[in-house]
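# Summary of the model geometry
If you want the building blocks of each chain, they are given just below.
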Amino acid sequence: MKQLEATPPLAIARGEGPWLIDTDGRRYLDAISSWWVNLFGHCNPRINAAIIDQLGIIEHVMLAGATHAPVVELSERLAKLTGLGHAFYGSDGSSATEIALKMSAHYWRNAGQVKKNEFISLKNGYHGETVGALSVTDIPLFKRIYEPLLRHSVQVPTPDARLAEAGESAEAFALRCADALEAHLAEHATTTAAFIVEPLVQGAAGMAMYHPVYLSRARELCDQYRVHLIADEIAVGFGRTGTMFACEQAAIQPDFICLSKGITGGYLPLSAVLTTDAIYAAFYDDATAKGFLHSHSYTGNPLACRAALAVLDIFESDGVIAANRDKSTQFTKILGEVVAHPRVRHFRQCGMIWAFEVAETAADFASHFHRLALAQGVFIRPIGNTVYVMPPYVMEAADITSLTQAILETLAQMETRK
Ligand SMILES: *Cc1c(COP(=O)(O)O)cnc(C)c1O
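A short tour of the structure in this document, coming up. Source: prediction; values computed, not measured.

## Side note on the site of the ligand
All residues adjacent to the ligand are Trp36, Asp92, Gly93, Ser94, Tyr126, His127, Gly128, Glu198, Asp232, Ile234, Ala235 and Lys261. Between the ligand and Gly93, the relevant distance is 2.8 Å, taken from an oxygen atom to a main-chain nitrogen or oxygen of the residue. The side chain of Lys261 places a nitrogen or oxygen atom 2.6 Å from an oxygen atom of the ligand. Considered on its own, the ligand offers 380 Å² of accessible surface; in the complex 83% of this is hidden by protein.

Take a look at the structure:
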(Lines give C-alpha, C1' and ligand atoms only; values in the text may rest on other atoms or scores of the structure.)
Protein backbone atom coordinates (compact mmCIF):
# COMPACT_ATOMS: atom_id res chain seq x y z
CA MET A 1 0.00 0.00 0.00
CA LYS A 2 2.85 2.33 0.83
CA GLN A 3 4.46 1.75 -2.58
CA LEU A 4 1.27 3.00 -4.24
CA GLU A 5 2.07 6.50 -3.00
CA ALA A 6 5.28 6.57 -5.01
CA THR A 7 3.82 4.68 -8.02
CA PRO A 8 0.12 5.39 -8.27
CA PRO A 9 -1.83 2.93 -10.43
CA LEU A 10 -2.58 3.88 -13.99
CA ALA A 11 -6.15 5.17 -14.16
CA ILE A 12 -7.61 3.45 -17.21
CA ALA A 13 -10.59 5.09 -18.83
CA ARG A 14 -11.11 2.66 -21.69
CA GLY A 15 -9.56 0.05 -23.96
CA GLU A 16 -9.37 -0.47 -27.68
CA GLY A 17 -7.78 -3.56 -29.23
CA PRO A 18 -4.25 -3.90 -27.80
CA TRP A 19 -4.44 -0.36 -26.36
CA LEU A 20 -5.21 0.88 -22.85
CA ILE A 21 -6.20 4.55 -22.68
CA ASP A 22 -5.85 6.45 -19.42
CA THR A 23 -8.02 9.21 -18.01
CA ASP A 24 -5.72 11.82 -19.58
CA GLY A 25 -6.15 10.23 -23.00
CA ARG A 26 -2.62 8.71 -23.11
CA ARG A 27 -2.35 5.38 -24.93
CA TYR A 28 -0.40 2.33 -23.77
CA LEU A 29 0.21 -0.95 -25.59
CA ASP A 30 -0.96 -3.78 -23.32
CA ALA A 31 2.21 -5.88 -23.74
CA ILE A 32 1.20 -8.47 -21.15
CA SER A 33 -2.48 -8.92 -22.03
CA SER A 34 -3.66 -7.58 -18.65
CA TRP A 35 -2.03 -10.39 -16.67
CA TRP A 36 -2.19 -12.92 -19.49
CA VAL A 37 -5.96 -12.99 -19.86
CA ASN A 38 -6.67 -10.91 -22.95
CA LEU A 39 -6.54 -12.68 -26.31
CA PHE A 40 -8.41 -10.60 -28.86
CA GLY A 41 -8.03 -7.07 -27.59
CA HIS A 42 -10.05 -4.84 -25.32
CA CYS A 43 -13.64 -4.07 -26.28
CA ASN A 44 -13.65 -6.74 -28.96
CA PRO A 45 -16.87 -6.19 -30.92
CA ARG A 46 -17.63 -9.92 -31.31
CA ILE A 47 -17.18 -10.78 -27.64
CA ASN A 48 -19.09 -7.63 -26.64
CA ALA A 49 -21.99 -8.65 -28.89
CA ALA A 50 -22.15 -12.16 -27.41
CA ILE A 51 -22.31 -10.87 -23.85
CA ILE A 52 -24.88 -8.20 -24.71
CA ASP A 53 -27.02 -10.82 -26.44
CA GLN A 54 -26.81 -13.13 -23.43
CA LEU A 55 -27.76 -10.27 -21.08
CA GLY A 56 -31.16 -10.15 -22.76
CA ILE A 57 -31.67 -13.91 -22.31
CA ILE A 58 -30.51 -14.98 -18.83
CA GLU A 59 -27.66 -13.46 -16.82
CA HIS A 60 -27.26 -16.26 -14.30
CA VAL A 61 -28.92 -19.30 -12.88
CA MET A 62 -27.42 -21.72 -10.38
CA LEU A 63 -25.79 -24.76 -11.96
CA ALA A 64 -27.21 -27.20 -9.44
CA GLY A 65 -30.59 -28.60 -10.30
CA ALA A 66 -30.64 -26.24 -13.30
CA THR A 67 -28.66 -25.92 -16.50
CA HIS A 68 -28.55 -23.65 -19.57
CA ALA A 69 -27.52 -23.70 -23.20
CA PRO A 70 -24.23 -21.73 -22.98
CA VAL A 71 -22.70 -24.06 -20.36
CA VAL A 72 -23.82 -27.17 -22.26
CA GLU A 73 -22.40 -25.90 -25.54
CA LEU A 74 -19.16 -24.76 -23.91
CA SER A 75 -18.70 -28.14 -22.21
CA GLU A 76 -19.24 -29.97 -25.50
CA ARG A 77 -16.82 -27.74 -27.38
CA LEU A 78 -14.13 -27.92 -24.71
CA ALA A 79 -14.54 -31.70 -24.62
CA LYS A 80 -13.97 -31.86 -28.36
CA LEU A 81 -10.89 -29.64 -28.11
CA THR A 82 -9.26 -31.40 -25.14
CA GLY A 83 -10.47 -34.96 -25.57
CA LEU A 84 -11.64 -34.80 -21.93
CA GLY A 85 -15.38 -35.29 -21.77
CA HIS A 86 -16.36 -34.07 -18.29
CA ALA A 87 -16.24 -30.46 -17.16
CA PHE A 88 -16.46 -28.83 -13.73
CA TYR A 89 -16.66 -25.04 -13.53
CA GLY A 90 -15.15 -22.50 -11.15
CA SER A 91 -14.70 -18.77 -11.23
CA ASP A 92 -10.92 -18.33 -11.40
CA GLY A 93 -7.67 -20.18 -11.89
CA SER A 94 -6.98 -20.87 -8.24
CA SER A 95 -10.34 -22.55 -7.75
CA ALA A 96 -9.61 -24.70 -10.82
CA THR A 97 -6.44 -25.88 -9.10
CA GLU A 98 -8.37 -26.58 -5.90
CA ILE A 99 -10.97 -28.56 -7.84
CA ALA A 100 -8.37 -30.69 -9.63
CA LEU A 101 -6.47 -31.44 -6.40
CA LYS A 102 -9.63 -32.33 -4.48
CA MET A 103 -11.03 -34.42 -7.31
CA SER A 104 -7.78 -36.35 -7.68
CA ALA A 105 -7.51 -37.21 -3.99
CA HIS A 106 -11.24 -38.02 -3.83
CA TYR A 107 -10.85 -40.32 -6.84
CA TRP A 108 -8.20 -42.36 -5.05
CA ARG A 109 -10.35 -42.48 -1.93
CA ASN A 110 -13.33 -43.74 -3.91
CA ALA A 111 -10.97 -46.28 -5.49
CA GLY A 112 -10.07 -47.56 -2.01
CA GLN A 113 -6.59 -46.01 -1.94
CA VAL A 114 -7.01 -43.54 0.91
CA LYS A 115 -3.25 -43.08 1.35
CA LYS A 116 -2.87 -41.51 -2.08
CA ASN A 117 -3.42 -37.88 -1.10
CA GLU A 118 -0.06 -36.12 -1.53
CA PHE A 119 0.82 -33.83 -4.42
CA ILE A 120 3.97 -33.17 -6.41
CA SER A 121 4.72 -30.02 -8.37
CA LEU A 122 7.69 -28.45 -10.12
CA LYS A 123 10.27 -26.26 -8.46
CA ASN A 124 9.31 -22.59 -9.11
CA GLY A 125 5.82 -23.66 -10.18
CA TYR A 126 2.75 -21.45 -9.79
CA HIS A 127 -0.79 -22.75 -9.44
CA GLY A 128 -2.58 -19.92 -7.65
CA GLU A 129 -2.66 -18.44 -4.17
CA THR A 130 -5.69 -19.79 -2.32
CA VAL A 131 -4.54 -22.03 0.53
CA GLY A 132 -4.69 -25.35 -1.35
CA ALA A 133 -3.27 -23.94 -4.57
CA LEU A 134 -0.53 -22.12 -2.69
CA SER A 135 0.47 -25.46 -1.15
CA VAL A 136 1.60 -26.68 -4.59
CA THR A 137 2.93 -23.26 -5.68
CA ASP A 138 6.67 -22.76 -5.20
CA ILE A 139 7.24 -19.00 -5.29
CA PRO A 140 8.81 -18.07 -1.92
CA LEU A 141 7.63 -14.43 -2.04
CA PHE A 142 3.99 -15.51 -2.19
CA LYS A 143 4.33 -18.55 0.02
CA ARG A 144 6.71 -17.99 2.90
CA ILE A 145 4.41 -15.94 5.17
CA TYR A 146 1.54 -18.40 4.83
CA GLU A 147 3.66 -21.53 5.29
CA PRO A 148 1.98 -22.43 8.62
CA LEU A 149 -1.40 -22.59 6.86
CA LEU A 150 -0.26 -24.80 4.03
CA ARG A 151 -0.30 -28.50 3.41
CA HIS A 152 2.99 -30.22 2.73
CA SER A 153 3.80 -30.92 -0.94
CA VAL A 154 6.94 -32.01 -2.76
CA GLN A 155 8.73 -30.06 -5.49
CA VAL A 156 10.74 -31.95 -8.08
CA PRO A 157 13.46 -30.29 -10.24
CA THR A 158 12.20 -27.99 -12.97
CA PRO A 159 13.25 -28.71 -16.57
CA ASP A 160 13.61 -24.89 -17.09
CA ALA A 161 16.08 -24.87 -19.99
CA ARG A 162 18.03 -21.94 -18.50
CA LEU A 163 19.27 -24.33 -15.81
CA ALA A 164 20.84 -26.81 -18.26
CA GLU A 165 24.56 -27.30 -17.92
CA ALA A 166 26.91 -25.75 -20.46
CA GLY A 167 26.72 -27.85 -23.63
CA GLU A 168 23.65 -29.76 -22.42
CA SER A 169 20.62 -29.53 -24.72
CA ALA A 170 17.20 -28.49 -23.38
CA GLU A 171 16.00 -31.98 -24.29
CA ALA A 172 18.79 -33.81 -22.45
CA PHE A 173 18.24 -31.59 -19.43
CA ALA A 174 14.48 -32.23 -19.48
CA LEU A 175 15.13 -35.99 -19.53
CA ARG A 176 17.53 -35.65 -16.62
CA CYS A 177 14.82 -33.81 -14.66
CA ALA A 178 12.32 -36.53 -15.58
CA ASP A 179 14.71 -39.04 -13.99
CA ALA A 180 14.40 -37.08 -10.75
CA LEU A 181 10.60 -37.27 -11.04
CA GLU A 182 10.88 -41.01 -11.54
CA ALA A 183 13.14 -41.39 -8.50
CA HIS A 184 10.52 -39.61 -6.39
CA LEU A 185 7.62 -41.63 -7.78
CA ALA A 186 9.47 -44.92 -7.36
CA GLU A 187 9.60 -44.23 -3.65
CA HIS A 188 6.36 -42.34 -2.99
CA ALA A 189 3.78 -43.45 -5.57
CA THR A 190 1.64 -45.22 -2.97
CA THR A 191 1.05 -41.92 -1.14
CA THR A 192 0.95 -39.63 -4.20
CA ALA A 193 -2.36 -38.59 -5.76
CA ALA A 194 -1.18 -36.31 -8.54
CA PHE A 195 1.62 -34.42 -10.22
CA ILE A 196 0.53 -30.87 -11.15
CA VAL A 197 2.50 -29.05 -13.81
CA GLU A 198 2.41 -25.92 -15.99
CA PRO A 199 2.98 -27.41 -19.46
CA LEU A 200 5.90 -25.93 -21.49
CA VAL A 201 6.08 -22.53 -19.75
CA GLN A 202 6.24 -21.76 -16.03
CA GLY A 203 4.74 -18.29 -16.16
CA ALA A 204 5.16 -16.78 -12.70
CA ALA A 205 8.66 -18.29 -12.46
CA GLY A 206 9.61 -15.71 -15.10
CA MET A 207 8.45 -17.43 -18.31
CA ALA A 208 10.69 -20.45 -17.75
CA MET A 209 10.44 -22.58 -20.90
CA TYR A 210 11.22 -26.25 -21.26
CA HIS A 211 11.35 -29.07 -23.78
CA PRO A 212 8.07 -30.98 -24.41
CA VAL A 213 9.86 -34.32 -23.91
CA TYR A 214 9.53 -33.65 -20.18
CA LEU A 215 5.75 -33.85 -20.50
CA SER A 216 5.80 -37.04 -22.58
CA ARG A 217 8.09 -38.64 -20.02
CA ALA A 218 5.97 -37.35 -17.11
CA ARG A 219 2.88 -38.88 -18.76
CA GLU A 220 4.62 -42.27 -19.06
CA LEU A 221 5.82 -42.13 -15.46
CA CYS A 222 2.41 -41.10 -14.11
CA ASP A 223 0.85 -44.05 -15.96
CA GLN A 224 3.54 -46.43 -14.74
CA TYR A 225 3.25 -45.33 -11.10
CA ARG A 226 -0.52 -44.73 -11.14
CA VAL A 227 -0.45 -41.04 -10.31
CA HIS A 228 -2.70 -38.43 -11.94
CA LEU A 229 -1.20 -35.83 -14.22
CA ILE A 230 -2.82 -32.41 -13.78
CA ALA A 231 -2.03 -29.98 -16.59
CA ASP A 232 -2.40 -26.44 -15.29
CA GLU A 233 -3.02 -24.71 -18.64
CA ILE A 234 -4.53 -21.66 -16.94
CA ALA A 235 -1.87 -19.40 -18.47
CA VAL A 236 -0.71 -21.44 -21.48
CA GLY A 237 -4.07 -22.68 -22.80
CA PHE A 238 -5.97 -21.11 -25.69
CA GLY A 239 -3.12 -20.80 -28.14
CA ARG A 240 -0.53 -19.09 -25.98
CA THR A 241 2.26 -21.59 -26.69
CA GLY A 242 1.43 -21.96 -30.39
CA THR A 243 -1.04 -24.86 -30.15
CA MET A 244 -4.54 -24.64 -28.70
CA PHE A 245 -3.25 -26.40 -25.58
CA ALA A 246 0.41 -26.79 -24.63
CA CYS A 247 0.00 -30.54 -23.95
CA GLU A 248 -0.56 -31.07 -27.68
CA GLN A 249 3.12 -30.35 -28.29
CA ALA A 250 4.03 -33.42 -26.25
CA ALA A 251 1.13 -35.40 -27.77
CA ILE A 252 -0.16 -36.27 -24.32
CA GLN A 253 -3.49 -36.20 -22.61
CA PRO A 254 -3.52 -35.25 -18.93
CA ASP A 255 -5.98 -36.73 -16.42
CA PHE A 256 -7.12 -33.20 -15.58
CA ILE A 257 -6.72 -29.96 -17.47
CA CYS A 258 -7.25 -26.64 -15.67
CA LEU A 259 -8.35 -23.74 -17.85
CA SER A 260 -9.00 -20.09 -17.04
CA LYS A 261 -7.43 -16.70 -17.95
CA GLY A 262 -7.81 -16.62 -21.76
CA ILE A 263 -10.93 -18.80 -21.68
CA THR A 264 -13.21 -15.72 -21.84
CA GLY A 265 -10.73 -13.63 -23.83
CA GLY A 266 -10.05 -11.63 -20.66
CA TYR A 267 -13.65 -10.53 -20.19
CA LEU A 268 -15.16 -12.38 -17.25
CA PRO A 269 -13.89 -14.66 -14.50
CA LEU A 270 -14.41 -18.31 -15.41
CA SER A 271 -12.46 -21.52 -15.03
CA ALA A 272 -13.01 -25.11 -16.02
CA VAL A 273 -11.46 -28.41 -15.01
CA LEU A 274 -11.91 -31.16 -17.56
CA THR A 275 -11.30 -34.81 -16.85
CA THR A 276 -11.55 -38.36 -18.17
CA ASP A 277 -14.32 -40.94 -18.27
CA ALA A 278 -12.35 -43.07 -15.79
CA ILE A 279 -12.29 -40.33 -13.17
CA TYR A 280 -15.93 -39.49 -13.80
CA ALA A 281 -16.85 -43.15 -13.30
CA ALA A 282 -15.29 -43.26 -9.83
CA PHE A 283 -17.79 -40.61 -8.66
CA TYR A 284 -20.82 -42.26 -10.31
CA ASP A 285 -22.51 -43.74 -7.27
CA ASP A 286 -25.70 -43.79 -5.22
CA ALA A 287 -23.84 -42.60 -2.12
CA THR A 288 -23.84 -38.79 -1.96
CA ALA A 289 -20.49 -38.76 -0.18
CA LYS A 290 -18.91 -40.53 -3.15
CA GLY A 291 -19.93 -37.64 -5.37
CA PHE A 292 -17.74 -34.57 -5.82
CA LEU A 293 -19.24 -32.14 -3.31
CA HIS A 294 -17.75 -28.83 -4.32
CA SER A 295 -19.63 -25.73 -5.41
CA HIS A 296 -19.19 -22.09 -6.30
CA SER A 297 -22.15 -19.70 -6.44
CA TYR A 298 -21.32 -18.42 -9.91
CA THR A 299 -20.31 -21.76 -11.34
CA GLY A 300 -20.87 -21.92 -15.12
CA ASN A 301 -22.14 -18.32 -15.30
CA PRO A 302 -23.99 -17.88 -18.64
CA LEU A 303 -22.43 -14.49 -19.48
CA ALA A 304 -18.93 -15.88 -18.94
CA CYS A 305 -19.80 -19.00 -20.95
CA ARG A 306 -21.06 -16.85 -23.84
CA ALA A 307 -17.80 -14.86 -23.79
CA ALA A 308 -15.93 -18.19 -23.91
CA LEU A 309 -18.06 -19.41 -26.81
CA ALA A 310 -17.37 -16.16 -28.69
CA VAL A 311 -13.65 -16.72 -28.09
CA LEU A 312 -13.88 -20.25 -29.54
CA ASP A 313 -15.82 -18.87 -32.53
CA ILE A 314 -13.01 -16.39 -33.21
CA PHE A 315 -10.40 -19.16 -33.00
CA GLU A 316 -12.35 -21.13 -35.59
CA SER A 317 -13.50 -18.46 -38.00
CA ASP A 318 -10.21 -16.54 -38.06
CA GLY A 319 -7.89 -19.57 -38.09
CA VAL A 320 -6.12 -18.01 -35.12
CA ILE A 321 -3.66 -20.84 -34.39
CA ALA A 322 -2.32 -20.81 -37.97
CA ALA A 323 -2.31 -17.00 -38.17
CA ASN A 324 -0.41 -16.81 -34.88
CA ARG A 325 2.26 -19.13 -36.26
CA ASP A 326 3.11 -16.53 -38.90
CA LYS A 327 2.81 -13.66 -36.44
CA SER A 328 5.03 -15.44 -33.97
CA THR A 329 7.84 -15.92 -36.54
CA GLN A 330 7.52 -12.28 -37.56
CA PHE A 331 7.43 -10.98 -33.98
CA THR A 332 10.45 -13.10 -33.00
CA LYS A 333 12.46 -11.40 -35.73
CA ILE A 334 11.42 -7.95 -34.49
CA LEU A 335 11.75 -8.58 -30.76
CA GLY A 336 15.01 -10.46 -31.41
CA GLU A 337 16.66 -7.06 -31.89
CA VAL A 338 16.99 -6.83 -28.11
CA VAL A 339 19.59 -9.63 -28.22
CA ALA A 340 22.17 -7.12 -29.43
CA HIS A 341 21.89 -5.28 -26.09
CA PRO A 342 24.95 -6.18 -23.98
CA ARG A 343 22.94 -6.90 -20.83
CA VAL A 344 20.25 -9.09 -22.40
CA ARG A 345 20.50 -12.83 -21.58
CA HIS A 346 18.51 -15.98 -22.47
CA PHE A 347 16.24 -14.43 -25.12
CA ARG A 348 13.58 -17.07 -25.69
CA GLN A 349 10.21 -17.59 -27.30
CA CYS A 350 7.37 -20.07 -27.17
CA GLY A 351 4.29 -19.40 -29.32
CA MET A 352 3.08 -15.93 -28.37
CA ILE A 353 5.40 -15.50 -25.37
CA TRP A 354 8.82 -13.82 -25.49
CA ALA A 355 11.16 -13.31 -22.56
CA PHE A 356 14.71 -12.39 -21.61
CA GLU A 357 16.70 -11.53 -18.51
CA VAL A 358 18.57 -8.30 -17.95
CA ALA A 359 21.91 -8.82 -16.23
CA GLU A 360 23.33 -6.70 -13.41
CA THR A 361 20.11 -5.04 -12.36
CA ALA A 362 19.24 -3.07 -9.23
CA ALA A 363 16.71 -4.47 -6.74
CA ASP A 364 13.98 -2.13 -8.05
CA PHE A 365 14.52 -3.13 -11.70
CA ALA A 366 10.96 -4.33 -12.33
CA SER A 367 9.15 -1.25 -11.03
CA HIS A 368 11.72 1.12 -12.55
CA PHE A 369 11.46 -0.58 -15.95
CA HIS A 370 7.66 -0.52 -15.68
CA ARG A 371 7.58 3.24 -15.00
CA LEU A 372 10.03 4.15 -17.75
CA ALA A 373 8.20 1.96 -20.26
CA LEU A 374 4.90 3.67 -19.39
CA ALA A 375 6.43 6.96 -20.49
CA GLN A 376 7.18 5.20 -23.81
CA GLY A 377 3.53 4.23 -24.17
CA VAL A 378 3.94 0.58 -23.15
CA PHE A 379 2.26 -1.23 -20.27
CA ILE A 380 4.72 -3.98 -19.30
CA ARG A 381 5.63 -5.44 -15.90
CA PRO A 382 8.82 -7.47 -15.58
CA ILE A 383 9.02 -10.36 -13.10
CA GLY A 384 12.24 -9.69 -11.17
CA ASN A 385 14.84 -9.09 -13.89
CA THR A 386 12.84 -11.02 -16.50
CA VAL A 387 11.24 -8.83 -19.15
CA TYR A 388 8.51 -10.63 -21.04
CA VAL A 389 6.04 -9.83 -23.78
CA MET A 390 2.76 -11.73 -23.87
CA PRO A 391 0.64 -9.68 -26.27
CA PRO A 392 -3.02 -9.97 -27.20
CA TYR A 393 -3.18 -11.90 -30.48
CA VAL A 394 -4.57 -8.82 -32.25
CA MET A 395 -1.23 -7.05 -32.06
CA GLU A 396 0.31 -6.32 -35.45
CA ALA A 397 3.95 -6.20 -36.53
CA ALA A 398 3.89 -2.39 -36.33
CA ASP A 399 2.82 -2.58 -32.66
CA ILE A 400 5.61 -5.06 -31.93
CA THR A 401 8.10 -2.76 -33.64
CA SER A 402 7.15 0.18 -31.42
CA LEU A 403 7.10 -2.13 -28.42
CA THR A 404 10.64 -3.32 -29.21
CA GLN A 405 11.84 0.26 -29.65
CA ALA A 406 10.26 1.20 -26.32
CA ILE A 407 12.00 -1.73 -24.59
CA LEU A 408 15.36 -0.71 -26.08
CA GLU A 409 14.81 2.94 -25.17
CA THR A 410 13.86 1.92 -21.62
CA LEU A 411 17.02 -0.19 -21.30
CA ALA A 412 19.08 2.73 -22.63
CA GLN A 413 17.54 5.12 -20.11
CA MET A 414 18.30 2.70 -17.28
CA GLU A 415 21.88 2.49 -18.51
CA THR A 416 22.36 6.26 -18.12
CA ARG A 417 20.98 6.19 -14.58
CA LYS A 418 23.48 3.53 -13.51
C1 LIG B 1 -2.79 -17.20 -13.01
C2 LIG B 1 -2.52 -18.63 -12.76
C3 LIG B 1 -3.23 -19.35 -11.79
C4 LIG B 1 -4.24 -18.70 -10.87
O5 LIG B 1 -5.31 -18.13 -11.55
P6 LIG B 1 -6.16 -16.98 -10.81
O7 LIG B 1 -7.30 -16.74 -11.72
O8 LIG B 1 -5.23 -15.79 -10.73
O9 LIG B 1 -6.55 -17.48 -9.48
C10 LIG B 1 -2.95 -20.69 -11.64
N11 LIG B 1 -2.04 -21.31 -12.41
C12 LIG B 1 -1.35 -20.66 -13.36
C13 LIG B 1 -0.37 -21.40 -14.20
C14 LIG B 1 -1.54 -19.29 -13.56
O15 LIG B 1 -0.80 -18.63 -14.44
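## As for the pattern of salt bridges
Going through the model one piece at a time under the given rule, you end up with 21 salt bridges. With its nearest N and O atoms 3.6 Å apart, the salt bridge here joins Arg27 to Glu16. Residue Arg27 is found in strand S3 (residues 27–30), and its partner Glu16 is found in strand S1 (residues 12–16); the two are separated by 11 residues along the sequence. A relative accessible area of 37% means that Arg27 is categorised as partly exposed. Given a relative accessible area of 36%, Glu16 falls into the partly exposed group. Here Arg219 ties to Asp223 by a salt bridge, and the two come within 2.9 Å at their closest N and O atoms. A residue pair is termed a helical-turn pair when its members lie 3 or 4 positions apart in one helix, as Arg219 and Asp223 do in helix H9 (residues 213–225) at 4 residues. A relative accessible area of 10% places Arg219 in the buried class. Salt bridges sharing partners connect three or more residues here, namely Glu73, Arg77, Asp313 and Glu316.

Conventions we followed
- Residues numbered from 1 in each chain as written.
- Predicted model: local features only at pLDDT ≥ 70, side-chain atom pairs only at ≥ 80, totals over all residues.
- Heavy atoms only, no water.
- Near = heavy atom within 4 Å.
- Polar contact = N/O pair within 3.5 Å; in protein donor to acceptor, adjacent residues only side chain to side chain.
- Areas by Shrake-Rupley, 256 points an atom, 1.4 Å probe, with all protein chains shown as cover.
- Salt bridge = Lys/Arg side-chain N within 4 Å of Asp/Glu carboxyl O.
- Helix = DSSP H or I, 4+ residues; strand = E, 2+ residues; numbered from the N terminus.
- Buried < 20%, exposed > 50% of the residue type's maximum accessible area, 1.4 Å probe, protein only.

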